[in-house]
There are 2 protein chains.
Amino acid sequence: MNPTIKDVAKYANVSIATVSRIVNGLPGYTEDTKKKVQEAIEALGYQPNAIARGLINKRTQTIGVLFPEVSGMLSSEVLEGVENAAHDGGFSVIVCNTTSSGKRTVKYLRLLQEKRVDGIIFASENVKEEYYKIFQEMQVPVVLVSTASQFNLPFVRVDDYEGAFRATEYLIQKGHKQIGMIGGSFEDPIAGVPRMKGFQDALEKHGLDFTDQQMTSNEGYRFQNGKESLPLLLDKLPLMTAVFAASDEMAIGAMAAAHQLGIRVPEELSIIGYDNLKIAEMCYPALTTVSQPLKEMGQSAGEILVKLIKGKEKEAESRYMPFTIVERQSVRDLRKK
Amino acid sequence: MNPTIKDVAKYANVSIATVSRIVNGLPGYTEDTKKKVQEAIEALGYQPNAIARGLINKRTQTIGVLFPEVSGMLSSEVLEGVENAAHDGGFSVIVCNTTSSGKRTVKYLRLLQEKRVDGIIFASENVKEEYYKIFQEMQVPVVLVSTASQFNLPFVRVDDYEGAFRATEYLIQKGHKQIGMIGGSFEDPIAGVPRMKGFQDALEKHGLDFTDQQMTSNEGYRFQNGKESLPLLLDKLPLMTAVFAASDEMAIGAMAAAHQLGIRVPEELSIIGYDNLKIAEMCYPALTTVSQPLKEMGQSAGEILVKLIKGKEKEAESRYMPFTIVERQSVRDLRKK
């Protein structure tokens, strides 16, 4: 017969409540006691039953993570961080691929509700009102990562306006004056508008004109968007010496278009990206870019969520994560002869 | 008070067993009945309780997926397929990142055991005896994806030997005679030995000599491995006109090394990869490679697992998935002048 929690308590000579706290990762015991209980669990081969436990302590030790696209390079780095933090906190992670479909997102939220997950991480997408209503019904903590919302939900992200401002300023400091931008969507309040605004403000701060001719906007942030944007931008701004792309994938798409057009990077055209995905160091020339600490952002969001679930914090503070400019080979310094 | 399954059955005028079958995605009712029950569920706002249900039907409608590295590009494409199949079958997916650590893998398997998952997908790694013992204890179906094992477990994969043989033959057919290989590990019975053997056999079949000088072996399959291998290979085989790399990341690493050494790809050196990751079309020049249908492999593995769990099949057949050679710009046809 399987040993029970009572057997473990008896063997370790502690109370059942203590064993329960240890098994569930709650505080309130000494290291010594923890060691004794762990030895008892091992000696008896005790397997806590997560299902039965879920009925008692009302927790399933599970969190749900919603991504717009699981196989996106950005998502997988964030996921690794979330998964780490969850694992350390004794939680497992259910991954949901919303494919940016509102219908599928709602279906998943209902599924997570049914599974009684203890908390939710919502990544890279706008929180619609219908999602927020479900969050409220579920009464579990929600943490946003790499996005923000109109609702009062804690988030972990980089300041997109600042990141774009600094990327543009970096190009200006390298002596570039004719600078274009491959931008995102004007409908996107996170990665779209703030990055375009940061670009514009940096130009104006440094006394450079800004006109609509210097920018393309795109529905998505993918390789293909960047590849298609570069020729359009060159048409509008033929003397352009540098481009800021609102994502690494778009920057690498622009690089591919430049190769095709016979334009040398960085000799004739400098390119700076945004994200610092793994491909940024794999492409040729290696991409200079704004580094978002994606794995750390996932980890941080996971840690905040675990603390909220365990009730250690009532209100979570949102976190702006630091970004850096990673210098590689795709930007030319025009001041050097 | 929350409505119960009895309330739904009464409202829809069907038996409780029928509602249960519908809610759990089992067969045995007409479309009409299904519609009636769905309307009743909606009208009453019935929320099936997954935890309580898990205690009754012994299923948690959850599967566990173990990957050696969640943020690997290969893993994320396979995961998308698994997640799709699971979603269609009414299952949710717990993702576990083993980081190729045996200790962490065992810990995760114990966690999945505790969570009473209904099945497991095990990806891209060797099944050690200690893992297999846990599989047996758990008494749930296991499907391998992108790997195989000494144990009698169904798998979904590409025939690595055949893929490597065809890649090498492709280079020979383009007129190349001095061909090198950036290989994996001799300890790796899946992506290592079979791909190296396929390379050697293709050369010999076409009357080309094979010596150890034509190959490097590597612990891993990453960008850095390829980047470090190319100079070594060029030392041993200075007249080499083409390279077969056992992974796309290695192929792109070799490409970066060639760029650094001032060797033009494909004019002076042709490169073919293996995998067809998304980066294969983003690098410059775009990479010709052996395409593994990663998303489909994940989907297929997920579907097999769901069928095994639902008891529709007792024994699953393993599947070899078709591969293709995707021609892009990294291989030169030497027969054309």
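A few points on the structure. All values reported here derive from a predicted model rather than from experimental measurement.

1. Considering the overall build of chain A
For step 1, the next point in the chain: What chain A contains, in helices and strands, is twelve helices and twelve strands.
For step 2, the next point in the chain: Projecting the C-alpha coordinates of chain A onto the three principal axes gives extents of approximately 80 × 40 × 35 Å.
For step 3, the next point in the chain: Looking at chain A residue by residue over its 337 residues, the buried ones come to 60%.
For step 4, the next point in the chain: When contacts within chain A are restricted to residue pairs at least 6 apart in sequence, long-range pairs at least 24 apart make up 70% of them.
For step 5, the next point in the chain: Carbon and sulfur atoms provide 49% of the accessible area of chain A, an area that totals close to 14700 Å².
For step 6, the next point in the chain: Of the side chains in chain A, 40 bear a positive and 42 a negative charge, and the two mean positions are spaced by 5 Å.

2. A short note on the sheet that holds strand E8 (residues 242–245) of chain A
Residue and element names in this part refer to chain A.
For step 1, the next point in the chain: Spatially, the six strands line up as an open sheet ordered E7-E6-E8-E9-E10-E12, and their pairing is mixed. Every interior strand has two partners, whereas the edge strands, strand E7 (215–216) and strand E12 (324–326), have only one.
For step 2, the next point in the chain: When strand E10 (residues 288–291) meets E12, the two strands line up antiparallel, connected through three bridges. Of the residues in E12, the one forming a bridge with Thr289 is Val326.
For step 3, the next point in the chain: On top of the sheet, helix H10 (residues 223–236) reaches strand E6 (179–182), E7 and E8; it is set at about 145° to E6, its chief contact.

3. What about the relation of the copies chain A and chain B?
For step 1, the next point in the chain: Superposing chain A onto chain B requires a rotation of 179° together with a translation of 0.0 Å along the rotation axis, leaving an RMSD of 0.2 Å. The operation mapping one copy onto its partner corresponds to a two-fold rotation axis. No C-alpha of chain A approaches the rotation axis more nearly than that of Ile94(A), which lies at 2.2 Å.
For step 2, the next point in the chain: With an isologous cut-off of 70% or more, the 100% of interface residues of chain A that recur at the interface of chain B puts this contact in the isologous class.

4. Some thoughts on the interface of chain A and chain B
For step 1, the next point in the chain: Facing the 46 residues of chain A at the interface are 46 residues of chain B.
For step 2, the next point in the chain: Between chain A and chain B lies a buried interface of about 4500 Å² when both sides are counted; carbon and sulfur atoms form 57% of it.
For step 3, the next point in the chain: Counting across the chain A and chain B interface gives two salt bridges.
For step 4, the next point in the chain: A salt bridge links Arg104(B) to Glu83(A), with the shortest nitrogen-to-oxygen separation between them at 3.4 Å.
For step 5, the next point in the chain: Our count for the contact surface shared by chain A and chain B stands at 14 residue pairs in polar contact (both at pLDDT 80 or more).
For step 6, the next point in the chain: For the side of chain A that touches chain B, the secondary structure elements donating two or more residues are helix H4 (50–57), helix H5 (73–88), strand E2 (92–97), helix H6 (102–114) and helix H11 (248–261) of chain A.

5. Observations concerning the packing of aromatic side chains
All names here are of chain A.
For step 1, the next point in the chain: Applying the stated rule across the entire model yields 16 aromatic pairs over all chains.
For step 2, the next point in the chain: Measuring from ring centre to ring centre gives 5.4 Å for Phe155 and Tyr320, while their planes differ by 70°; the resulting arrangement is edge-to-face. You can see Phe155 sitting in strand E5 (residues 155–158) and its partner Tyr320 sitting in strand E11 (residues 319–321), a full 165 residues away along the chain.
For step 3, the next point in the chain: Classification of Phe155 as buried rests on a relative accessible area of 15%.
For step 4, the next point in the chain: One cation-aromatic arrangement involves Arg157 over Phe155; the distance from NZ or CZ to the ring centre is 5.5 Å.

6. Digging into the sheet that holds strand E9 (residues 270–275) of chain B
Residue and element names in this part refer to chain B.
For step 1, the next point in the chain: The sheet built from six strands is open, its strands ordered E7-E6-E8-E9-E10-E12 with mixed pairing. Two strands in the sheet have a free side with no partner beyond their single neighbour: strand E7 (215–216) and strand E12 (324–326).
For step 2, the next point in the chain: Relative to the sheet, helix H10 (residues 223–236) contacts strand E6 (179–182), E7 and strand E8 (242–245), its axis offset from that of E6 by approximately 145°.
For step 3, the next point in the chain: Against the sheet, helix H11 (residues 248–261) engages E6, E8, E9 and strand E10 (288–291), with an angle of about 155° to E9.

7. A word on helix H7 (residues 129–138) of chain A
Side chains of residues three or four places apart in an α-helix project in the same direction, reflecting 3.6 residues per turn.
Residue and element names in this part refer to chain A.
For step 1, the next point in the chain: Considered for burial, the residues of H7 that qualify are Tyr131, Tyr132, Ile134, Phe135 and Met138. Angular distribution of buried residues about the axis of H7 spans 160°; they occupy a single face of the element.
For step 2, the next point in the chain: The elements touched by buried residues of H7 are H6, strand E3 (119–123) and strand E4 (142–145).
For step 3, the next point in the chain: Following H7 by one or two positions, Gln139 has its phi on the positive side, about 55°.

8. Examining helix H3 (residues 31–44) of chain B
Residues and elements named next belong to chain B.
For step 1, the next point in the chain: Taking 1.5 Å as the rise per residue, H3 with 14 residues should run 20 Å; its terminal C-alpha atoms sit 20 Å apart, in good agreement.
For step 2, the next point in the chain: Within H3, the full set of buried residues consists of Thr33, Val37 and Ala40. Projected onto a plane normal to the axis of H3, the buried residues spread over an arc of 55° and lie on a single side. Exposed and oriented more than 90 degrees from the buried face of H3 are Glu31, Asp32, Lys35 and Glu42.
For step 3, the next point in the chain: The inward-facing, buried residues of H3 contact helix H1 (5–12) and helix H2 (16–23).

9. Concerning the environment of Val193(A)
All names here are of chain A.
For step 1, the next point in the chain: Mapped onto the secondary structure, Val193 falls in helix H9 (residues 193–205).
For step 2, the next point in the chain: What makes Val193 partly exposed here is its relative accessible area of 34%.
For step 3, the next point in the chain: Dropping the residues within four chain positions of it, Val193 is found in contact with Ser185, Phe186 and Asp188.

10. Section: the pattern of salt bridges
All names here are of chain A.
For step 1, the next point in the chain: All told, the structure shown has 25 salt bridges over all chains when counted by the stated rule.
For step 2, the next point in the chain: For Arg335, the salt bridge identified is with Asp333, shortest N-O distance 2.8 Å.
For step 3, the next point in the chain: Note on Arg335: relative accessible area 54%, which makes it exposed.
For step 4, the next point in the chain: Residue Asp333 is classed as buried on the basis of its relative accessible area, which comes to 14%.
For step 5, the next point in the chain: Three or more residues are tied together by salt bridges with common partners; here these are Lys174, Glu327, Asp333 and Arg335.

The rules behind each value
- Residues numbered from 1 in each chain as written.
- Chains lettered and ligands numbered in written order.
- Predicted model: local features only at pLDDT ≥ 70, side-chain atom pairs only at ≥ 80, totals over all residues.
- Heavy atoms only, no water.
- Helix = DSSP H or I, 4+ residues; strand = E, 2+ residues; numbered from the N terminus.
- Buried < 20%, exposed > 50% of the residue type's maximum accessible area, 1.4 Å probe, protein only.
- Contact = heavy atoms within 4.5 Å.
- Areas by Shrake-Rupley, 256 points an atom, 1.4 Å probe, with all protein chains shown as cover.
- Lys, Arg positive; Asp, Glu negative; His and termini not counted.
- Charge placed at Lys NZ, Arg CZ, Asp CG, Glu CD.
- Pairing = 2+ DSSP bridges.
- Axes fitted to C-alpha atoms, helices over the stretch in contact; angles between N-to-C directions.
- Least-squares fit on C-alpha atoms with pLDDT ≥ 70 in both.
- Buried area = accessible area lost by both parts, 1.4 Å probe.
- Salt bridge = Lys/Arg side-chain N within 4 Å of Asp/Glu carboxyl O.
- Polar contact = N/O pair within 3.5 Å; in protein donor to acceptor, adjacent residues only side chain to side chain.
- Phe/Tyr/Trp six-rings, centres within 6.5 Å; stacked < 30°, edge-to-face > 60°.
- Lys NZ or Arg CZ within 6 Å of the ring centre and 35° of its normal.
- Arc of directions from axis to C-beta.
- Expected span 1.5 Å × (residues − 1).

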